[in-house]
Amino acid sequence: MTSGRRRLLLAGAGAGAVSLLRPVAHAQTLLSPPDELAALVKAYTQGAVVLPGKVKLDISPLVDNGNSVPITISVASPMSATDYVKSIAMFNEKNPQRDVIRVLLGPRSGKASVSTRIRLANSQKLIAVAQLSDGTWWSHTVDVLVTLAACIDI
Amino acid sequence: MSAVESTVSGAGRRRFLKGSAAAAGSLVVSFHIPFVRDAEAQGVAAAPEVNAWVVVQPDDTVIIRIARSEMGQGSLTGLAQLCAEELECNWAKVRTEYPTPGQNLARNRVWGNFSTGGSRGIRESNEYVRKGGATARMMLLQAAADEWKVPVAECTVADSVITHAGSQRTTSYGKVAAAASKLTAPTEVKLKDPKDWKLIGKRLARLDTVDKTTGKLVYGMDLKMPGMVNAAIRRCEVFGGKLKSYDEKVALKRKGVKKVLKVGDDAVAVVADTWWRAKTALDAMPIEWDLGPNAKASTASFAEVLKEGLSAKEAVVGNQSGDAAAAIAAAPRKVEAVYTYPHQNHACMEVMNATARWTPERCEVWTPTQNGEAAHAATAEAAGLPPAQCEVYKLHLGGGFGRRGAVHDWVRQAVEIAKQMPGTPVKLIWSREEDMAHGSYHPITHCKMTAGLDNDGNVTAFAMRISGQSILAGVAPQAIQNGKDPVVFQGLNPPGPESSLGYAFPAVMIDHAMRNPHVPPGFWRGVNLNHNAIYMECFIDEIAHETKQDPLALRRKLLANAPKYLAVLNAVADKAGYGTPAPAGVYRGLAVTHGFGSYVAACAEISVSADGALKIHRIVAATDPGYAVNPQQIEAQIEGSFVYGLGAALFQECTVKDGKIEQTNFHNYRPLRMAEMPVVEPIVMPSGGFWGGVGEPTIAVAAPAVLNAIFAATGKRIRNLPVGDQSLKKA
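Residues numbered from 1 in each chain as written. Chains lettered and ligands numbered in written order. Predicted model: local features only at pLDDT ≥ 70, side-chain atom pairs only at ≥ 80, totals over all residues. Heavy atoms only, no water.

## As for the overall build of chain A
Per the secondary structure count, chain A includes three helices and nine strands. Put simply, chain A has 154 residues, and 45% of those count as buried. Contacts in chain A between residues far apart in sequence, at least 24 positions, make up 65% of those at least 6 positions apart. Looking at chain A as shown, the accessible area adds up to about 7300 Å², and 56% of this sits on carbon and sulfur atoms. (Helix = DSSP H or I, 4+ residues; strand = E, 2+ residues; numbered from the N terminus. Buried < 20%, exposed > 50% of the residue type's maximum accessible area, 1.4 Å probe, protein only. Contact = heavy atoms within 4.5 Å. Areas by Shrake-Rupley, 256 points an atom, 1.4 Å probe, with all protein chains shown as cover.)

## Here we look at the sheet that holds strand 23 (residues 598-608) of chain B
All names here are of chain B. Read from one edge of the open sheet, four strands run 22-23-24-27, paired in mixed fashion. Bordering the open sheet on either side are strand 22 (587-595) and strand 27 (679-684), each of which pairs with just one other strand. Across the sheet, the mean angle separating the axes of adjacent strands is 15 degrees when strand polarity is ignored. Here 10 bridges tie strand 23 to strand 24 (residues 614-624), and the two strands are oriented antiparallel to one another. Pairing of Ser 607 across the sheet is with Lys 615, part of strand 24. On the sheet, helix 20 (residues 699-714) packs against strand 22, strand 23 and strand 24 and is oriented at approximately 155 degrees with respect to strand 22. (Pairing = 2+ DSSP bridges. Axes fitted to C-alpha atoms, helices over the stretch in contact; angles between N-to-C directions.)

## Quick notes on the packing of aromatic side chains
Enumeration according to the criterion identifies 17 aromatic pairs over all chains in this entry. With a centroid separation of 5.4 Å and an interplanar angle of 75 degrees, the aromatic rings of Tyr44(A) and Trp137(A) are classed as edge-to-face. You can see Tyr44(A) sitting in helix 3 (residues 35-45) and its partner Trp137(A) sitting in strand 9 (residues 137-146), a full 93 residues away along the chain. Trp137(A) matches Tyr44(A) in its accessibility class, with the two residues each being buried. Arranged with centres 4.2 Å apart and planes meeting at 15 degrees, the rings of Phe401(B) and Tyr644(B) form a pair that is stacked. In this pair, Phe401(B) sits in the loop between strand 17 (390-395) and helix 13 (409-419) while Tyr644(B) sits in helix 19 (residues 631-650), placing the two residues 243 residues apart along the sequence. Since its relative accessible area comes to 13%, Tyr644(B) is described here as buried. It is Lys394(B) that lies over the ring of Tyr98(B); its NZ or CZ is 4.3 Å from the centre. For the cation-ring pair, Arg670(B) lies above Phe651(B), with the distance from its terminal atom to the ring centre recorded as 3.6 Å. (Phe/Tyr/Trp six-rings, centres within 6.5 Å; stacked < 30°, edge-to-face > 60°. Lys NZ or Arg CZ within 6 Å of the ring centre and 35° of its normal.)

## Thoughts on the domain arrangement of chain B
Many structure descriptions define interface size as the accessible area lost when the parts assemble. Residue and element names in this part refer to chain B. Domain boundaries assigned for chain B yield domain 1 (47-214), domain 2 (221-293 + 352-429) and domain 3 (299-344 + 441-714). Its C-alpha centre places domain 1 at a distance of 37 Å from the equivalent point of domain 2. Counting from both sides, the interface comprises 22 residues of domain 1 and, opposite them, 18 residues of domain 2. Summing both partners gives a buried area of about 1400 Å² for domain 1 against domain 2, and 55% of it is carried by carbon and sulfur. It is Met 71, Tyr 98 and Pro 101 that lose the most area in domain 1 upon contact with domain 2, and together they represent 38% of the buried surface on that side. In this structure, the connection of domain 1 to domain 2 is made through one salt bridge. The salt bridge partner of Glu 373 is Arg 109, with a shortest N-O separation of 2.8 Å. Counting the contacts that link domain 1 with domain 2 gives 11 residue pairs in polar contact (both at pLDDT 80 or more). No other element matches the five residues that helix 4 (residues 101-106) contributes to the side of domain 1 that touches domain 2. (Domains from an automatic or database assignment. Buried area = accessible area lost by both parts, 1.4 Å probe. Salt bridge = Lys/Arg side-chain N within 4 Å of Asp/Glu carboxyl O. Polar contact = N/O pair within 3.5 Å; in protein donor to acceptor, adjacent residues only side chain to side chain.)

## Thoughts on the confidence of the model for chain A
Confidence in the prediction for chain A averages 79 pLDDT; 74% of positions are at 70 or higher. Here residues 1-33 of chain A scores under 50 on pLDDT; set against residues more than four positions off or in separate chains, the count is 49 contacts. (pLDDT = per-residue confidence, 0-100.)

## Some thoughts on the environment of Asp658(B)
Residue and element names in this part refer to chain B. Along the chain, the position of Asp 658 falls in the loop between strand 25 (656-657) and strand 26 (660-661). Classification of Asp 658 by relative accessible area gives partly exposed; the value is 42%. As a C-alpha pair, Asp 658 and Ser 298 span 360 residues in sequence and 6.0 Å in three-dimensional space. With residues up to four places along the chain from it excluded, the contact list for Asp 658 reads Val 238, Asn 294, Ala 295, Lys 296 and Ala 297.

## Focus: the sheet that holds strand 1 (residues 49-51) of chain B
Residues and elements named next belong to chain B. One open sheet accounts for four strands, arranged 1-2-3-4; its pairing is mixed. Across the chains shown, the open sheet's two edge strands, defined by having one partner strand only, are strand 1 and strand 4 (94-97). Neighbour to neighbour, the strand axes of the sheet diverge by 30 degrees on average, direction disregarded. Summarising the sheet, strand 3 (residues 62-65) and strand 4 pair through four bridges and their orientation is parallel. Bridge pairing links Val 62 to Val 94 in strand 4. On the sheet, helix 5 (residues 126-148) packs against strand 1 and strand 2 (54-56) and is oriented at approximately 115 degrees with respect to strand 1.

## Focus: the pattern of salt bridges
Counting across every chain of the model gives 47 salt bridges over all chains. Here Asp64(A) and Arg412(B) are joined by a salt bridge, their closest N and O atoms 2.9 Å apart. On the criterion of chain membership, the pair formed by Asp64(A) in the loop between strand 3 (62-63) and strand 4 (69-75) and Arg412(B) in helix 13 is interchain, its members lying in two chains. Relative accessible area serves as the criterion here: at 10%, Asp64(A) is assigned to the buried category. Overall, the relative accessible area of 23% leaves Arg412(B) in the partly exposed class. The residue Glu681(B) makes a salt bridge to Arg618(B) at a minimum N-O spacing of 2.7 Å.

## Some points on the packing of helix 17 (residues 551-558) of chain B against helix 18 (residues 563-576) of chain B
Residues and elements named next belong to chain B. The geometry of helix 17 relative to helix 18 is characterised by a closest axis approach of 10 Å and an angle of 160 degrees between their N-to-C directions. Between helix 17 and helix 18, the interaxial angle falls into the category roughly antiparallel. As helix 17 packs across helix 18, the resulting crossing turns out to be left-handed. Contacts between helix 17 and helix 18 involve Leu 552, Arg 555 and Arg 556 from the former and Leu 566, Leu 569, Asn 570, Ala 573 and Asp 574 from the latter. (Parallel < 35°, antiparallel > 145°, perpendicular 65-115°, else oblique. Left-handed = near helix turned anticlockwise from the far one by under 90°.)

## Quick word on helix 13 of chain B
Burial within helix 13 of chain B is extensive, with eight of its 11 residues counted as buried. For helix 13 of chain B, the set of buried residues is Asp409(B), Trp410(B), Val411(B), Gln413(B), Ala414(B), Val415(B), Ile417(B) and Ala418(B).

What follows is the structure, given as structure tokens:
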């Protein structure tokens, strides 16, 4: 747990307390992925516009042990010859390896859903992105709280 | 009280609450879940919250929400003081309550972190807790100003009474709270200058003392619910072993036994109408275990592994400056010593326990925990339900010490049992023996230290190799950074605000060879600072002895540029009368360190009789925590640190034979007894400008101060903890 994270938590909680009656503003700040995460996505999509929606990143918002966390990324798609998901990827904000998974799909994949388990080093933002056969890019950003050990004092 | 009881679990729970209120006289604060707006159903007038932190009732009672857990350390009162300081409310009418982790999740973590460990309860949350109070104050004042149609700047408040001097009108928080709750919270919040604090820094009585003293407070073990059953559990005593088979017929034919259940792959539980019937049936039931690969492990085998680590080539550096190896090689004289520290159990007075109720739609858990959010996450994972369909109700802890923070194994077990009995509340209580066999133990370490000395006895270099367990590798391996567990170096880090080495050596090399025996390590009050401070502080004494210097004088020399360390050291030396003759037969020992953000020192006065019996007469202990929210409570923490720390230093060791812990109860794992407890004279000396913790740092100076005094008395250097039955007869 770095002091940066501590500051983030303090700032986040402080802001939360004050902005309780301003949920819209608060939600907006949470929806903006940090610059670094945005840069990873941008590199992957080669700068294409990525809109929120269509993709679902299913992961518990609260994780007791970050060692092995189940995730499922899915897109509601008929996966037909003309309408399918071409690729799915996921990036994270604070793991040593930011590039978690990249999957190429085609009509014969049957369904656009991948499941695996990942390790989460810390509480952080995760973003799943997918490209459809029409070339559009879609994403889903999720905040995960890893309830790390209590007495860490570095 | 505006807070109404939880309705999440339906009418049954409400009846239970009312029933137990009648039985026990009243309810504990922990049971009040404040956010449910069904006052009608409760027959209680629910007051709206002014903001997440503050609820004001019409009679001016102020309820302050406390996210961190109370386990005896007093944060409940200290955090309330922080909030009330800015709120400017009447302290006599302050009450507290816990928000639930489920509500925190649902409300975007409005209360921040629930984790109560690392002595962080106050130091990490003080700013946003104070802001919570300040924000509520501003809204309450605004509501009064709006009502009077006067500028808010003309209104003042003291003790919950708002005054407009110009029109000589007054009102109170209780009267304007409903209007205030409808206002938009201000975004610009200015906190008081510390010089203007009125409540922070006051020796206020704890808010939980009366309920604890009268027995009104309900602890997890005492919890009762209609239709509740009781579970006793046994997990394979060899860590990593599995459950092979059990003969449930033996248990099932006993009176009161309802079920025998497999729990996970390594435990079996008996569920009965009473806990004792469950426990005795479990004891009577034949169980076979697959002991796994650790069945032959022993403390002696761990020692071999750790000993090898002391000279291993590969190690991870925690603090390095200059070329210590070269300086030591070139030194005309050296001091060298090897120390060891054992596994220890937290041995909380209240054993692990949780009550769980599971249905396919919802899972609820009532448990004492140091981290409600972690308990919530563990509940959801074990229940197989999303966190939004789970809830944890925190209860005050009968001791935590780190055991109830990082690993919620008992919560998982309770949920797994409840899951096999849908709809039935199940209370799981570990036996003391189970608690001793399944701790998350103080890590075991060995340490080799070498100091290079010049011809004048000055230290030219200091090298320290720690070999042993990493807590993070055990509980959160994902937090290991490039093979380094940074927590290992508590108290030994380069200069910084957290846990730094204060001594200035011309060259330093401190590294760690990670060696992880199979016994699960955990955060034990004081964590790695405990053994690190023993190693460092006893070794400083060894250097002083070798170079014929007074231990205080040597410390002062090496801390010349570390004024905060020096200040606490000098404070204990002055108060203890160091440098003046001690009573006949009494000897003094010193220790100083920095941990959890605070600077601490101790001076112990002890005597050793001719037959080697140790008597600790007096401890003087100083703490500089930056800001002291409640000095009386800090003093209590300092005193308590010696109860816990001296018991550990003198008696406590968990030894392993055939892969399992040998100690089973307090007869062979004993704490300090009343008659052995010295007088403790605490010095709370906040120097301002930073927020340090107080629950843990003082533990770390308990052992080395006494060990150094033992050396002064006997010439015997105790290098292997605990003191145990090592002879203290004069050398």
